[in-house]
Amino acid sequence: MIRLVLQRLAIGALTLWAASVLIFAGTELLPGDLASAILQNNATPETLAEMRKQLGLERPPAVRYLEWLRNAAAGNLGISLANDKPVAEEIGPRLWNTLFLAAYAALVAIPLALSIGLAAAIWQGGVFDRSANVATLITISVPEYFLAYLLVKYVAVQLRLFPALSLVSPDMPLGQRLQFCFLPMLTLVLVTVAHMMRMTRASVLAIMASPYIEMAILNGTSKWEIVLRHALPNALAPIINVIALNLAYLVVGVVVVESVFVYPGLGQLMVDAVSKHDVPVVQACGLIFATAFILLNLAADVLGILSNPRLRHRR
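Residues numbered from 1 in each chain as written. Predicted model: local features only at pLDDT ≥ 70, side-chain atom pairs only at ≥ 80, totals over all residues. Heavy atoms only, no water.

**Regarding the overall build of the protein**
Move 1: Along the backbone of the protein there are 16 helices and zero strands.
Move 2: In the protein, buried positions account for 40% of the 315 residues.
Move 3: Across the protein, every contact between residues at least 6 apart in sequence was considered, and the portion connecting residues at least 24 apart equals 71%. (Helix = DSSP H or I, 4+ residues; strand = E, 2+ residues; numbered from the N terminus. Buried < 20%, exposed > 50% of the residue type's maximum accessible area, 1.4 Å probe, protein only. Contact = heavy atoms within 4.5 Å.)

**Some details on the environment of C181**
Move 1: Tracing the chain through its elements places C181 in the loop between helix 8 (174-180) and helix 9 (182-208).
Move 2: Relative accessible area serves as the criterion here: at 0%, C181 is assigned to the buried category.
Move 3: Once you skip the residues sitting within four places of it in the chain, C181 turns out to touch F100, L101, Y104, S166, V168 and Y263.

**Brief notes about the nonpolar core**
Move 1: In this structure, C181, L188, M196, V204, M208, L250 and F261 are the most contacted members of the largest nonpolar core, which totals 55 residues.
Move 2: When contributions to this core are tallied by element, the ones reaching two or more residues are helix 5 (87-122), helix 7 (144-158), helix 9, helix 10 (211-218), helix 11 (223-234), helix 12 (236-252) and helix 13 (255-261).
Move 3: With 13 residues, the single largest contributor to this core is helix 5.
Move 4: I23, F24, L77 and I294 belong to the second-largest nonpolar core, a separate cluster that totals 20 residues. (Core = buried A, V, L, I, M, F, W, Y, C linked by side-chain atoms within 4.5 Å.)

**Describing the packing of aromatic side chains**
Move 1: On inspection of all chains with the given rule, the structure shows seven aromatic pairs.
Move 2: Between F24 and Y65, the aromatic rings sit 5.6 Å apart at their centres with planes inclined by 65°, giving edge-to-face as the arrangement. With a gap of 41 residues between them, F24 in helix 1 (residues 2-28) and Y65 in helix 4 (residues 61-73) connect regions that are remote in the sequence. For the pair F24 and Y65, a shared accessibility class is recorded, and that class is buried.
Move 3: Centroid distance F100 to Y104: 6.3 Å. Interplanar angle 45°. Geometry classified as tilted. Residue F100 and its partner Y104 are located together in helix 5, separated by four residues, close to a single helical turn.
Move 4: Look at F100 and you get buried, because its relative accessible area is 13%.
Move 5: Classification of Y104 as buried rests on a relative accessible area of 15%.
Move 6: Clustering of aromatic rings is evident, with ring pairs tying together F24, Y65 and W68.
Move 7: The ring of Y154 has K153 sitting right over it, with the charged end atom 5.6 Å from the ring centre. (Phe/Tyr/Trp six-rings, centres within 6.5 Å; stacked < 30°, edge-to-face > 60°. Lys NZ or Arg CZ within 6 Å of the ring centre and 35° of its normal.)

**Digging into a nonpolar patch on the surface**
Move 1: A contiguous nonpolar surface patch, about 570 Å² in accessible area, is contributed by Y145, F146, Y149, L150, Y154 and V256.
Move 2: With five residues, the single largest contributor to the nonpolar patch is helix 7.
Move 3: For Y154, the position within the fold is in helix 7.
Move 4: Given a relative accessible area of 41%, Y154 falls into the partly exposed group. (Patch = residues over 30% accessible without salt bridge, like charges linked within 9 Å, V, L, I, M, F, W, Y side chains within 5 Å. Areas by Shrake-Rupley, 256 points an atom, 1.4 Å probe, with all protein chains shown as cover. Salt bridge = Lys/Arg side-chain N within 4 Å of Asp/Glu carboxyl O.)

**So, the environment of P280**
Move 1: The residue P280 is located in helix 15 (residues 279-306) in this model.
Move 2: On the accessibility criterion, P280 (15% relative accessible area) is buried.
Move 3: Separated by 203 residues in sequence, P280 and L77 have C-alpha atoms that sit 7.0 Å apart.

**Structural notes on the pattern of salt bridges**
Move 1: Tallied over the full model, the rule gives one salt bridge.
Move 2: We note a salt bridge from D129 to R201, for which the minimum N-O separation is 2.7 Å. Of this pair, D129 sits in helix 6 (residues 127-141) while R201 sits in helix 9, and the two are 72 residues apart along the sequence. The residues D129 and R201 share a single accessibility class, namely buried.

**Structural notes on the confidence of the model for the protein**
Move 1: Taken as a whole, the protein shows an average pLDDT of 81; of its residues, 90% reach a score of 70 or greater.
Move 2: Considering each helix and strand of the protein separately, the mean pLDDT is smallest for helix 16 (residues 309-312), with a value of 58, and largest for helix 8, with 89. (pLDDT = per-residue confidence, 0-100.)

**Some remarks on the packing of helix 9 against helix 12**
Relative orientation and spacing of two packed helices are given, respectively, by the angle between their axes and the distance between those axes.
Move 1: Relative to each other, helix 9 and helix 12 sit at 170°, their axes nearing to 9 Å. By the angle class used here, helix 9 and helix 12 are roughly antiparallel. Contacts from L188, V191, T192, H195, M196, M199, T200 and S203 of helix 9 reach helix 12 at P238, I239, V242, I243, N246, Y249 and L250.
Move 2: The class makeup of the residues in the contact of helix 9 with helix 12 is ten nonpolar, five polar and no charged. (Axes fitted to C-alpha atoms, helices over the stretch in contact; angles between N-to-C directions. Parallel < 35°, antiparallel > 145°, perpendicular 65-115°, else oblique. Nonpolar A, V, L, I, M, F, W, Y, C, P; charged D, E, K, R; others polar.)

**Points about the packing of helix 9 against helix 11**
Move 1: Their axes nearest at 9 Å, the elements helix 9 and helix 11 cross at an angle of 100°. Taken together, the axis directions place helix 9 and helix 11 in an arrangement best described as roughly perpendicular. Residues V204, I207 and M208 of helix 9 form the contact with helix 11, whose own contacting residues are K223, I226, V227, H230, A231, L232 and N234.
Move 2: A class-by-class count of the residues in the contact of helix 9 with helix 11 yields seven nonpolar, two polar and one charged.

**Points about helix 6**
Move 1: Here helix 6 spans 21 Å end to end across 15 residues, near enough to the 21 Å set by a 1.5 Å rise per residue.
Move 2: Listed as buried for helix 6 are D129, A132, N133, T136 and T139. Here the buried residues of helix 6 occupy an arc of 135° about the axis, which is enough to place them on one side. Across from the buried face of helix 6, at angles greater than 90 degrees, the exposed residues are V127 and S141. (Expected span 1.5 Å × (residues − 1). Arc of directions from axis to C-beta.)

So this is what it looks like as structure tokens:
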């Protein structure tokens, strides 16, 4: 088991390095020259050469990548080209807002998905099971931005229950912040609950076909007790994996949702930085998203190993 965990850690580190290469290469391939984008109408051959020298663009890409990677590992994410402020200071409040929205959605989505999945497995083939499967299939098939616009149109504009724009501020009270974040949270919940619910139902039903479950049924054990005490613990590994993957989506996949609701998170900051050609901010946001996604996937792998009794105990 220890060897498997160490292998996953090594693979995670290698994947993070590969992601950093792709992020740096992707920003290098952005259309337009960075020096020209900064100078705009004031660009002359002399000023362009001087600006490229100040930005270090005359050096080979490999040298600039190694310097960027070394600084990022030390916590130095560079200086924003839009306002000449340290990128870390600009990212800090936005990252907190994104993590708050992700935690808000996770606290609602995970218990809801597990409850619906277990109930659908217990009442397999019933009205509740069929209704839950149809509802989750619809939410999986509809893109999150379309769900967001539907919620804005009907919940915010027509019913006026919640604000259409999630313009939160650091000094906003918690209750008001929860109200302003409700619609983006509901969008994320509708997208993620479907995956977790379907995996919970499928994993529990797969265990329910085991011989020891049939023996428990013959002994007269209630179905709820069978599912909660015998089936669910042995079905945890795939459920943990899908929960971790959806947590990664809640952190990384919020770019579209934040853009729709103008939520001041890391995704919205990245979109604004791309439009302004603010390469240091784009690189920092991309690296943070990649790190969060890889760490959560790594946690899913490790927890899946630890939750497997065949790997925890010697044969």
